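Residue-level structure breakdown
Next come the chains, spelled out residue by residue.
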Amino acid sequence: MEISLLISAVLALLDYAEPRIREAVSDGDVTPEDQQKLKDRIDSLRAGGGFDSPEWNKSTDKA
Amino acid sequence: MKKLISKILVAALVCIPPSLVVCGTVATVCTVGCKKLDPAGVYQSDKALYAADRTITEAYDVMHSFVRFEYENRAAINNPDITKAADNVRANAQTQIKSAIALRDAYAATPTPENRSKLDDAIRVLRQAISEAQGFMAKGVKKTTG
């Protein structure tokens, strides 16, 4: 149980860290494509995207 | 021997999550601080706007990681403080993100020092939320191993 919890935490944090590390160690400037990807994510968040999955429901909400 | 291997494994796994958080944050700081923006991109070399957008998406990613971690492991964590903290993130994350984006848009449209200052304030709020989510996530991991 403990190990599975830790692995779950590691996987959750890998989702966050991996693309950032990859971008930081890549050579050259931030490309127009990468800039566009970031802008697209902001546009998606502006439209309210990303908050509709069950983990965003409060613990007291009914399933 | 089996106990020792188990302890080493747990110790290694306990060290990995904070290390990943630090690596991700350092990578973001390095990318924003050290790299140049290709002027042909949508940010047109505006590093302040680019840095703000990086922080906004980072805040979403960290808060999402935290609420997902708490949701998927609620029974194992079994800590009302952590669930309460996750519910607090659930209640406020979207408003905080939207507020930061609105101020980001205002700065993008009119890049005055006043708008920059308001954007910086919103980014500070998000940085605080990132820090809290990371802290509670580490607490959730420690609770089951300590």
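Residues numbered from 1 in each chain as written. Chains lettered and ligands numbered in written order. Predicted model: local features only at pLDDT ≥ 70, side-chain atom pairs only at ≥ 80, totals over all residues. Heavy atoms only, no water.

1. Points about the packing of aromatic side chains
- Applying the stated criterion to the full structure yields five aromatic pairs over all chains.
- Ring centres of Y43(B) and Y50(B) lie 5.4 Å apart, and the angle between their planes is 80 degrees; this geometry places the pair in the edge-to-face category. Residue Y43(B) shares its accessibility class with Y50(B), and that shared class is buried.
- Taken together, the aromatic side chains of F51(A), W56(A) and Y60(B) make up a single cluster linked through ring pairs. (Phe/Tyr/Trp six-rings, centres within 6.5 Å; stacked < 30°, edge-to-face > 60°. Buried < 20%, exposed > 50% of the residue type's maximum accessible area, 1.4 Å probe, protein only.)

2. Looking at the pattern of salt bridges
- Applying the stated criterion across every chain, the model contains 13 salt bridges over all chains.
- D43(A) is paired through a salt bridge with K39(A); the nearest N and O atoms lie 3.5 Å apart. Here D43(A) and its partner K39(A) are both found in helix 2 (residues 32-46), four residues apart, which amounts to about one turn of the helix.
- Taking the shortest distance from any N to any O, the salt bridge between R90(B) and D87(B) comes out at 2.9 Å. Residue R90(B) and its partner D87(B) are located together in helix 4 (residues 80-109), separated by three residues, close to a single helical turn. For the pair formed by R90(B) and D87(B), the shared burial category is buried.
- Taken together, the shared-partner salt bridges connect K39(A), D43(A), R46(A), D53(B), R104(B) and D105(B) into one network. (Salt bridge = Lys/Arg side-chain N within 4 Å of Asp/Glu carboxyl O. Helix = DSSP H or I, 4+ residues; strand = E, 2+ residues; numbered from the N terminus.)

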